[in-house]
Every structure is written in structure tokens, then in C-alpha cells.
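Summary of the model geometry
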Amino acid sequence: MSSSRRQYPFHLIEPKWQQTWEQQQAFRAFNPNEEIPANHPFAVRHKLSGKVSATQLPEKFYILDMFPYPSGAGLHVGHPEGYTATDILARYRRACGFNVLHPMGWDSFGLPAEQYAVKTGQHPRVTTEANIANFTRQIKSLGFSYDWSRELATTDVEYFKWTQWIFLKLYNSWFNPETNRAEPIETLKFPAELESTSVGRASSRADAWDGSSVASPHQDLESRRRAYRDSKRLAYVSEAPVNWCPELGTVLANEEVIDGKSEVGGFPVIRKPMRQWMLRITAYAEKLLADLDTIDWSDSLKEMQRNWIGGSEGAEVEFRAGGKYVRRSDNAESEFQIGPKIPVFTTRPDTLCGATYLVMSPENKLLDEIVEDKWPFWAYAELKGTSLFGKEPATPKEALELYRKYAASKSDLERTDLNREKTGVYIGESAVEPIRENIIPIFVADYVLANYGTGAIMAVPAHDERDWEFAKKYRLSIRAVVMPPDEWLMNAVGSPPAEWFTNAFKLLNLSMDSMDLLTAARKLYERDCGLFPYPFVGTGTAINSSGTDDLQVNGLSTAEAKAKITAWLEEKKLGKRTINYKLRDWLFSRQRYWGEPFPIVWKKDAAGNLHHEALPESSLPLLPPSLEDYKPTADGQPPLARAKDWLNLPDGSVRETNTMPQWAGSCWYYLRYTDAKNVQSFVGKDADNYWMASNGKAAGVDLYVGGTEHAVLHLLYARFWHKVLFDLGHVSTPEPFYKLVNQGLILGEDMQKMSKARGNVVNPDAVVEEYGADALRLYEMFMGPLQDTKPWNTKGVEGVYRFLGRAWRLFVDEKAETAFEQAETTTEPSKHAELLDLILLDGGITDTDATPAQLKTLHACIKKVTEDLDGMRFNTAISAMMVFINEAMTWQTKPLSVMKTFLQLLAPFAPHIAEELWARLHSTFGQTAPSLAYAVWPKFDAALLVESEIELPVQVNGKFRDTIKVAVDADNTAIEAAAKASEKVQTFIAGKAIKKVIIVPKRMVNLIVG
RNA sequence: GCCGGUGUGGCGAAAUGGCAGACGCACAGGACUUAAAAUCCUGGGACCAUAAAAAGUCGUGUGGGUUCGAGUCCCACCACCGGCACCA
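The following paragraphs examine the structure supplied in this document. These figures come from a predicted structure and were not determined experimentally.

**Considering helix 4 (residues 111–120)**
Residues Leu111, Ala113, Glu114 and Ala117 constitute the buried set of helix 4. When helix 4 is viewed along its axis, its buried side chains cluster within an angular range of 165 degrees and face the same direction. Where helix 4 is buried, its residues meet helix 5 (124–140). Phi for glycine 121, located one or two positions after helix 4, is positive at around 80 degrees.

Structure (C-alpha cells):
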């Protein structure tokens, strides 16, 4: 640390004001009908006291930071970037008269505390509490105006009680497609066969798809009704393959897996079928997508969510698998059985006639129904997968089995490798393409994903890169159904025509003599586009597509053909228009200790079948058991399974041993802040209405600031939960966060991302120690626009620190300052605070009228700071204050009123120094200081900024040549004359004719000469 | 590959289509000081010119375009950053 002299005694001022604010509870936000003490500065400002109803309270402003995970490493300088921005705005809004809600809390469940517990046996709660204490100390040292009475931690029993409660709401609801919203599960009607006592056959396919295969087919009606309900809940159990991370000992959500590795730690992730809790976020895909248009987020962030949800319009088309002749057991005659329907999803129904084969994903259960017993005579080795398996499978069934094993052995990383050559095997069966009724082979290949669309596609190699690649490898036919634009054709053919083209043309016995190159290219494309070097995937004109009499498509544009074919399919009941989403259901269970336990127990019915049941709301909170050892059990069960007493209930039922993911707590914390102490409800109606409701404007949190890393995780999950709560009538708005801003990353001084390993981490504690909290706050904002990524520069901190020093010296008497410093060296530190009284104000500050020039300087600053705060341009607001200080340093007399107003502008940015000088200014002049935090924000007076004369730039032929001074109300003739009179301009226009004069009022003059 | 964003002095950056580089850092010179630190003052895009200046020319990633006038608007391209990626 440098031993240089302090610019001003921030080390005394900052703790002093932080204590004052805490004692006053200065930043307490009051709820409707809450008792407001008459002497609270908020009450004084708004002339309120006692219980005040929502309508009498000032307008609300809810400004929120993404709450941090309290890590052992403590705060880094990235945290205070967003926190400072929101704090400045919170203070500004308070001054503007809003009732500001600005809370802070802790996202305190999470893996590091648990890993520490596994290593040391220390209970995660102990670590977590210590970390929270450290974070609290650090955050408080920066003077943020949080309402600490609303502080919460997701690990608080009183908090996660309600997280569990919301889970029960999800569990006890289903999404009704008819009303397009979530409803209590009781409104779900059973299908006819489950309504009556006559037992019908349940659809095995539906069961398999919904993951309710826990139940056996021989259950009684009651358990089948239960299974049906369970398959519709928003929280349901699935046996689907999940992302298992052996290193972390837990499963992960899709969003938490990046390039086949865990987002946390970068450990390998494998796919493994496991019983897991899922949340049906896919039911909300459409709303999550559509409602993005109603909120004020950055385009890039909205785009990220749109891409993640990934809606694509298209059609689901039914292909019929080939029928079979089967020998009837009681009769010598054989019977033709129609094969099952294979639904495929396509965004290009116009290319239906170009489908030359079908591909199903290895996981598709329909394959078992349609796979053939025998190879057809013509099946060649490649189709059977001989080289892939190193032997020839005897039957398609065997090939399918081998291929499924092969596909399952691939890790996520390998499966998603785009450069990997496509593989697949023929399953010996064919399907019928519905328009032209072509017979096309069916393949199983892992380039088709199981969980997108129907898990099966129609392959159109002529117009799809992936299908093209596959068809080329397995020598499957390629049929053109879209004629590309001329430009594409000519590009592909080349000029002069490439050899493949001329050869192909000869081969087909065509003569080019009679036609031009374009016609020839078209002819060849229509005949055999497979000869071209690559597929055409764009839009064009339909060809080769009119198979039956009632469907004429040839000649239509791609868009027209899509519409016509889709309509035809719908009419013939062969398909329908659909929108498919990439979004998948949210894998909601983790095999961890340090998370919310599920309020769920498992029971066996009389037949021995397991089913889950929710605990009653009255039993919440469900606490986790205390453990000695936090590792998973030896047989791979989650740690909760170690607590036998906890696990097994007297009635023989067994608790769910999974816990919820860290995202659960952060899905609704912003709601709890509005009513943090409510014991009756997760949030009271009045509080929700007041803080979250629209007031005819923004609905939800007015401003939410945090990092981009949560673009698709937290922000999507929270929106989903909020919408469910909205549908069920528990909250009053459909969206949680109206305006959202991402602060940019702060890099180290070496321009690299800050990390312990690089040793470039800046610790805020050290900055506060050396320069003070106000300087840190100011620097974080002065670095550049909030949203930008920018490198830290300690010299930059010194710059704003110097600015604060200059501001200080503008106010205080230099001799008194020196006396104070000398006294400080001879007094024991505990008495230092009292020495502050030695500092006297500068004699130049007098209670006199300001000069017009001084007023102009002040009001220019008010204008700029106010406008920049509204636009969140903190860096330029600070530079405006620097300009003011630079100017004011030259003043002989400093009018009290001007100096006070400046402090109000400074206060949101550097509240400690502003409060100190504000208090001193008042006491020196025998006045009582009103609370600066609630002082009415100054208004600038435009009249004071008006000039009588203005400088205008003069251009000649668009080039700047001189400036002239003219009266502000000078007419164009006068301006033109003044411009021509300028000596410098003269040299450029002398002897030339002036063709045109352009005068932009109060902006510039441009003389055009010939 | 697709989507989004960003390119301006030595550095962080600023500029409703109208004097590019406000403000700050670093740097240089000066004042104060025995000296240094701190503070205060002055300077500053590049080129050309000069004893010093003035004047002049060029200049916002590259190339075009619109306009009296472009960092700003349009088209094409390049580089970097972020996200997604066999999603049919």
C-alpha cells in the first residue's frame, strides 16, 4: 500500500455514515398498511406516518440485483459493478419521490459448501453462514442503500419452506391445453376408459412417452387413474436418460452441460437412464416465447432465450410403415396387416415428395414394432452396418440392437461432434410416402435426436445437408423437388462448366447444342440433382411434386407449396400444422445434500407398485436430516439416503432422497423480498399488488441488473415459475422482470478474465482500504458503459479518487484540513472520529446569490446528470460532475445554494462524502440538515442555459473553416452575412460564386461554392 | 455454420447526420518545495511546415454508396467478443 497522503478522511467519514443510515433504518421500504414511524426520513419527505394504504403511498420503484452465491472467496470487483449501478438509481429514485424497494439476499444453497462438507465433515450451513457474514460485511462497507430488514437466504428454513410449497403447487397442477394455462390437478378429466369401472386397455405408447412406466399394466383402476394424473402433472417423474456427472455425483440439467462437460468444474457428463423429477416447462414454451415481446430486455438477451426455446413452424406428417402378410394361426389363409404410423416432423412439408427414406432415432420405441425379422435379398453390407459392428448382423433386429448399443456408448461430446461421419442401419422395413405413395426404406441413425419432434424424420437428401451426407454414404436415392434460383445453379455449375457437369450431361445422353448453359443446368438438376456437388437447402420453385390428381404443386414457390401441401395433409388427415420447440422439460432433481428436500414420499400399493405422494402443506418445512457423512452412499444413492431414521416413515413409506437444484430458490426470491416476513403466505396479496403490479406501466420488477451468465438458466426458470404462479392466481403479473440490464464483465488489468489462477483478481476490500468506498463506486461507474466488458485499471481508481479530493477541497478550509491531519497523527485511532470537527468549511462558501455564470454551470450539470441517470449513462454523468468541479475550482465565492445542489447530484454516486459535506454545510450556516437521501432531486432551469450569443461552425463545401459568433435569434440573412464576412472563410470563397447556402438553425452554416 | 454485439488517440472512453476525441488515465513542460510526494497551471490524433507559430493535408476496422455534410444512415467485406450448434 502506498503511504501517500489521503485525499480526504474517507476512512472516518464512510463508517460514520454507514452507522447513521443503519441507526435511522434510512432505507427501509414500507409496505402498504405497514406502520411508518413519523420521524423516518421517508415519512418526513412525504408527510406520512402510521399505517398508509397502497393508494396513499408514493409510486413504487422496485430495483433488484441478482443475489450472489456467498462463496468462500468473498466479493470480487465484478459484484459491486451492478450493485453500484442499482444503488445509484435507487438513491436517485428516492430523491425523485418514489417508494423504492431495493433488497439484497443470498443464493446460498450450492455445491461448494457441500464439497467442503464432504472433505471436512463441516455442516454446509456453518460454512454458508460464515460466508454470508463475510459478504454482508463487504457489501455493507460499500454503503449500498439496501433495505436489510428484507434480507433473505434461500437456505433459511422460513424461506425454503415456501420453495417447497411452490413445488407442491407445481406438483398439484397440470397444463390445460384448452384454457392454455396451469390448473389444479383436480380439474383434469380422466379419459373415458378410466372413468368407468369397465377396464379398457390403456395406451402403452402414451404411458411410455410420459414416463409413467413405473406402473405395471396390471394395476387396478385406482392406480391407473393415479398413473394418468401423475403423467400430467407439472412436476412429474421420468425414467428418461439424463446427464449424469460421475465426478460431481449428480445429474445436471441440459442447460448445465456445455460441450458434453459440466458447466461447474468441466467434468465429463454421460447419458444414463435414471428416475428423475422433471418440471414441464415445455408446456410454457409458447408463452415464454411470446411474452418476450412484452418486456424491456436487450435484443441479444431476448434472442438468446428465443434460440433456447427454439420454436420452428412446420408439419407433423404420418408415414405408414409397410404392412406385412401374417399367417393366421387358425386358418391357412394369410392376412395383410397394416403397419403402424410413423409421425415425422418437418419444417419443409413442401419437400415431402423428395423424401427418399425415413430415419428414426435409436431411442425411438416404435422401432421395435416395425423392425423386420429378415433381411431382404438385396440388402448390401453397408446397409446392415457390417463394417460398423465388425460382423454382419443376421437379422435387422440384431442390427438394430447392435446399433442401439453403439449409439448408447457414445458420450455426449462424441454425439454432438459435427465432424463425425454419420452412421445408421437399415431395419429391413419400408414406409409409404403419403403424396406419391413411393415406397421408401426406414433407417435407424443417431443423427436424429430422440427428444426433438417425434424422434423420426423424413429424409430429403436433395434439400438437406445432413440427409445428403447420409444418402451419399449409403448410396440412397436423391430426388429434387425444389428448383434452385438461377444464380445458385450457375454457381454450382461454374464457368466454364465444371467437368462433373459436362460428363454428367453426356452420360444422360443429353445434348447441349440446342440449349444455353442455364437451361442445361436446370434440366440436369431436375433429372438428377445428386450429381451436383452439394445439396440446395434454400427456397425456390416446386418440381417433381405433383403426384396425384387432386394435388398440383409444381411451379409453386416454396411458401405456396408448403401451405398447399399442409392443407392437403390436414384435409386427408395425414398430418397437421405444428410448432416444435427445442426447449425440453427441466430436470429438477439433484443427488445432493445441500438443497431443498422434496416434500414427497414413495408408497407401495397392494400389488407392490411404487407411487409418489405429496406431503400436506401443513407438514412444511421439510428439513434435511443431519448427517455425519455427506458423500453419496456406496450403492450410488444420494446422501439423504444415509439418514435411515429420516428416510423411513412409520407407515412404511420412504422419503424422496433427491434434492432440488440451486435454481429453485432463485426462481422466486424477488417475490419474497416484497413481503419477507410473511408467515401466512409466500407473499401477501397487498404486497404483491403494490410492488409487482403494473400501475398501468411496467409490470413486475422495474429494473433487474445482473450478469449475462444467467441468460437462459435463471431467467428462463424464474419466468416459468412466475407464469405458473400467475395462472394459479398467486401473483398478479404474467412476467417477473420488466426491464433487465446485463452489466458487462470486468477484466483484470492484463485484459484477461479475472481468476485466482491468473492472479489478476482485484479485491474490493483492498480498494476500499486505500481509496474508500466512494472512490470504488465512482470508478466502477466511470470505467465505461455498464453493459460493456472493460478492464480494471488501478490508475483509473486514482483518477476518480483525485476527483473526490478536488470536490472535498472545494468545500473545506485548507488550514483546518492540515490541522486535522496533524491532530490525527498525535491522537489514538479510537478518537479520530471526533477530530472530524476540526475540519472547517472554506471561507469562500457564502450564503449569497449565485452569478448567472455559476447558475449556468450548475444547471448544465443538473441537466446532464439527470438525463444520464434516466438513460443509465453513469460514466458521462460523472464526467459532467468533473466538469462542474473543474469550473467551480476557479470561483472566488461559492454560493451556498449552488454547493448544496451539487452535493445532491453527487449523493447517489458518492453518498458518504456527499452526506458529510451536506451536514457540515448546514451546520456551518446554523441550519438543520434534512436527510440527503430523501432531499428533493433538483430540477434544471432551461432558461438559465440560454445564451444570448452562440458560436456557429462555418463550412465551405462541407469542410469546416471557421466559427462565427451570432445572436441566438439571428435570422438566416444575418447568419449568412456573418459567415461570408469571416476572414478565414473569405480565403475559400474569394472569387467564387456561392451556389447555395445551408443554414441549420443553431447548428451550422455551409456555403457551397462553384 | 447460424444468431447477436463491438471495432474511434499510447490506454478507458465521449459525440439528437453538423467544429471527432468531452471527461479521465498515462505522458511532457512549468509553479510550489532544500528535494521528493501531494497539489496547482499548461500542452497534446497523425502528417507536413517552422526558430516558434499560423495556414494546409490526412484521420473513427476495409471498400463502395446516400447526403450540402457520415464515427453516426445503406450495401459488401475483414477482425475480435458472446451465445447456439446434426433441433429436420
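There's more to say after this.
**Remarks on the sheet that holds strand 11 (residues 250–252)**
Sheet architecture is open: three strands sit in the order 11-10-14, paired in antiparallel fashion. Looking at which strands have only one partner, the edges of the open sheet turn out to be strand 11 and strand 14 (270–273). Within this sheet the neighbouring strands show an average axis-to-axis angle of 55 degrees, counted without direction.

**Some thoughts on the protein's contact with RNA strand B**
Lining the immediate surroundings of RNA strand B are 54 residues, of which Ser312, Thr347, Arg466, Arg1003 and Asn1006 lie closest. Take the atoms of RNA strand B that sit within 4 Å of the protein: sugar and phosphate atoms are 60% of them. At 2.4 Å, a side-chain N or O of serine 312 approaches a phosphate oxygen of RNA strand B. Between RNA strand B and arginine 584, the relevant distance is 3.0 Å, taken from a base nitrogen to a side-chain nitrogen or oxygen of the residue. Listed by contribution, the elements that provide at least two residues to the surface near RNA strand B are helix 11 (299–309), strand 19 (341–346), helix 29 (794–811), helix 33 (874–888), strand 37 (949–956), strand 38 (959–967), strand 39 (994–1000) and strand 40 (1004–1009). Taken together, the residues of the surface near RNA strand B break down into 22 nonpolar, 16 polar and 16 charged.

**Examining empty space enclosed by the protein**
The final tally for this structure, using the stated rule, is four cavities of 30 Å³ or more. When its volume is computed, the second largest cavity comes out at roughly 100 Å³. Looking at the second largest cavity, the residues that line it are Arg91, Ala95, Gln904, Ala907, Pro908, Pro911, Glu915, Leu932, Ala933, Ala935 and Trp937. Residue assignment for the lining of the second largest cavity shows that the elements contributing at least two residues are helix 3 (79–95) and helix 35 (911–924). Counted by class, the lining of the second largest cavity contains eight nonpolar, one polar and two charged residues.

**Comments concerning the packing of helix 4 against helix 5**
Contact geometry for helix 4 and helix 5: axes closest at 8 Å, N-to-C directions at 130 degrees. With respect to helix 5, the element helix 4 is oriented oblique. Note that helix 4 runs across helix 5; the crossing there is right-handed. Between helix 4 and helix 5, the residues in contact are Ala113, Glu114, Tyr116 and Ala117 and Pro124, Thr127 and Thr128, respectively. Looking at the contact of helix 4 with helix 5, its residues break down into four nonpolar, two polar and one charged.

**Observations regarding the packing of aromatic side chains**
Following the criterion strictly, the structure yields 65 aromatic pairs and no others. Ring pairing ties together the aromatic residues Phe167, Tyr171, Phe175, Trp277, Tyr284, Trp586, Phe588, Phe598, Trp663, Tyr717, Phe720 and Trp721, which thus form one cluster. Against the face of tryptophan 148 rests lysine 140, its NZ or CZ located 4.9 Å from the ring centre.

**What about the packing of helix 29 against helix 35?**
Where helix 29 meets helix 35, the axes come as close as 11 Å, and the angle between the chain directions of the two elements is 5 degrees. The orientation of helix 29 relative to helix 35 falls into the category roughly parallel. Across from Leu804, Trp808 and Phe811 in helix 29, the residues of helix 35 making contact are Ile913, Glu916, Leu917 and Leu921. Each residue belonging to the contact of helix 29 with helix 35 can be placed in one class, and the counts come to six nonpolar, no polar and one charged.

**Some details on the sheet that holds strand 15 (residues 276–279)**
With respect to topology, three strands assemble into an open sheet ordered 9-15-27, the strand pairing being antiparallel. Each having just a single partner strand, strand 9 (235–238) and strand 27 (586–587) make up the two edges of the open sheet.

**Considering the environment of glutamine 637**
Along the chain, the position of glutamine 637 falls in the loop between strand 29 (610–614) and helix 22 (644–647). When its relative accessible area of 37% is taken as the criterion, glutamine 637 is described as partly exposed. C-alpha of glutamine 637 to C-alpha of asparagine 689: the two residues are 52 residues apart in sequence and 44 Å apart in space.

**Some words on the nonpolar core**
Phe167, Trp586, Trp721, Trp792 and Phe811 are the most contacted members of the largest nonpolar core, which totals 181 residues. Counting residues in hydrophobic clusters, the runner-up holds 78 residues, among them Leu383, Ile435, Val448 and Leu510.

Procedures and definitions
Residue numbers restart at each chain and count upward from 1, following the sequence in its written direction. Written order decides the labels, with chains lettered from A and ligands numbered from 1. Since the coordinates come from a predicted model, pLDDT governs what is reported: local features require at least 70, and pairs of side-chain atoms require 80 or more to be given and counted, while whole-chain, interface and lining totals use all residues. Working from all heavy atoms in the structure, the side-chain values ignore hydrogens and water. Accessible area is worked out with a 1.4 Å probe on protein chains only. A residue is then buried under 20% of its type maximum, exposed over 50%, and partly exposed in between. For the purposes of this entry, the term helix denotes a DSSP run of H or I that reaches at least four residues, the term strand denotes a run of E that reaches at least two, and both are numbered from the N terminus. Directions pointing from the helix axis toward each C-beta atom define the arc. The contact rule is simple, with two residues in contact once any of their heavy atoms fall within 4.5 Å. Two strands qualify as a pair provided DSSP detects at least 2 bridges between them. Only the stretch in contact is used when fitting a helix axis, every axis being a line fitted to C-alpha atoms; angles between N-to-C directions are given from 0 to 180 degrees. Throughout, near means a residue has at least one heavy atom within 4 Å of the molecule or strand. Any pair of nitrogen or oxygen atoms within 3.5 Å is treated as a polar contact; in protein, a donor-acceptor pairing is required on top of that, and neighbouring residues in sequence qualify only through side-chain atoms on both sides. Note on residue categories: nonpolar means Ala, Val, Leu, Ile, Met, Phe, Trp, Tyr, Cys or Pro, charged means Asp, Glu, Lys or Arg, and polar means any other residue, Gly included. Each cavity reported here is a set of points on a 1 Å grid over the protein atoms alone in which a 1.4 Å probe fits but cannot get out, each pocket an open set with protein on both sides within 12 Å along at least five of seven lines, and each lining residue one with an atom within 4 Å of a point. Grid points are joined across faces, edges and corners, and a volume is the space filled by probe spheres set on the points. Comment on the angle field: the value is read as roughly parallel under 35 degrees, roughly antiparallel over 145, roughly perpendicular from 65 to 115, and oblique elsewhere. Handedness of a crossing is defined here by the sense of rotation of the near helix relative to the far one, left-handed for an anticlockwise turn of less than a right angle and right-handed for a clockwise turn. Pairing of aromatic rings covers Phe, Tyr and Trp, the last counted by its six-membered ring, and requires centre-to-centre distances within 6.5 Å; plane angles under 30 degrees mean stacked, over 60 mean edge-to-face, and any other angle means tilted. Either the NZ atom of lysine or the CZ atom of arginine qualifies as a charge over a ring when it sits within 6 Å of the ring centre and within 35 degrees of the ring normal. Residues belong to one nonpolar core when they are buried, are Ala, Val, Leu, Ile, Met, Phe, Trp, Tyr or Cys, and are joined through side-chain atoms within 4.5 Å.

Everything listed is a geometric property; what it means functionally is a separate question.
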